[in-house]
Amino acid sequence: GMFPHLSVDPYPDLVPWATKDKLTEPMVDMAEPKSRFLPSKWEAKKVVKLVRAMRKGWIKPPSEVERERKEKEQEALQPYMLWSDDNKEASWKAANGLSYVPATKVKLPGHAGSYNPPKEYLQDEHEDDKDAAYTS
């Protein structure tokens, strides 16, 4: 490139004026904002959420997770009863886990049953006379 004069240095040595001496006072003469001294409201909410999760057992420490994993592995290695009849504790329960067998549900009447009711539900002559006596 071309320079205005041969004595001009295009790359002078950098003078580190900001880092040369250690400053005892800030460069900007403004007071620190109050938010830098107060704890964050949102961080406090996150901490409360984590503490509640730990107390309820949703979050567990790694040592407890490892202990539970080892217990599950030990249970998998333990022998177990192949047939449920051999287990005396579970023999009193039915197949679906209930200790009783619920009654079967009666099927609702279909089309023919609703238009041809049994005779006990039909009115006879005596009931017709009673209805006529009440209405008059």
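What you are looking at is a predicted structure, and each value in this text was computed from that prediction instead of being measured.

**Some remarks on the overall build of the chain**
Here is step 1 of the chain: Regarding its fold elements, the chain presents 4 helices and 0 strands.
Here is step 2 of the chain: Along the chain, from the amino end to the carboxyl end, the secondary structure elements read α-α-α-α.
Here is step 3 of the chain: Counting only residues that meet the buried cut, the chain has 1% of its 136 residues in that class.
Here is step 4 of the chain: Only carbon and sulfur atoms are counted for the fraction: they give 59% of the accessible area of the chain, which is about 14900 Å².

**Some details on a negative patch on the surface**
Here is step 1 of the chain: Negative charge collects at one region of the surface, where Asp124, Glu125, Glu127, Asp128, Asp129 and Asp131 lie side by side.
Here is step 2 of the chain: Turning to its location among the elements, Asp128 is positioned in helix α4 (residues 125–135).

**Let's talk about the pattern of salt bridges**
Here is step 1 of the chain: Scanning the entire structure with this criterion turns up 5 salt bridges.
Here is step 2 of the chain: For Glu32, the salt bridge is made with Arg36, and the minimal N-O distance between the two is 2.5 Å.
Here is step 3 of the chain: The closest approach of N and O atoms between Glu73 and Arg69, which form a salt bridge, is 2.4 Å. With Glu73 and Arg69 both in helix α2 (residues 62–77) and 4 residues apart, this pair spans about one turn of that helix.

**Quick look at helix α1 (residues 41–56)**
Here is step 1 of the chain: For α1, with 16 residues, the first-to-last C-alpha span of 23 Å sits near the 22 Å given by 1.5 Å per residue.
Here is step 2 of the chain: Among the 16 residues that make up α1, 1 are buried, leaving the element largely open to the surroundings.
Here is step 3 of the chain: At the N-terminal end of α1, a side-chain oxygen is found 3.3 Å from the backbone nitrogen of Trp42, two or three residues along, and the residue is Ser40.
Here is step 4 of the chain: Once α1 ends, the next one or two residues include Gly57, with phi positive near 90°.

Reading the values: rules and limits
Residues numbered from 1 in each chain as written. Predicted model: local features only at pLDDT ≥ 70, side-chain atom pairs only at ≥ 80, totals over all residues. Heavy atoms only, no water. Helix = DSSP H or I, 4+ residues; strand = E, 2+ residues; numbered from the N terminus. Buried < 20%, exposed > 50% of the residue type's maximum accessible area, 1.4 Å probe, protein only. Areas by Shrake-Rupley, 256 points an atom, 1.4 Å probe, with all protein chains shown as cover. Patch = residues over 30% accessible without salt bridge, like charges linked within 9 Å, V, L, I, M, F, W, Y side chains within 5 Å. Salt bridge = Lys/Arg side-chain N within 4 Å of Asp/Glu carboxyl O. Lys, Arg positive; Asp, Glu negative; His and termini not counted. Charge placed at Lys NZ, Arg CZ, Asp CG, Glu CD. Expected span 1.5 Å × (residues − 1). Polar contact = N/O pair within 3.5 Å; in protein donor to acceptor, adjacent residues only side chain to side chain.

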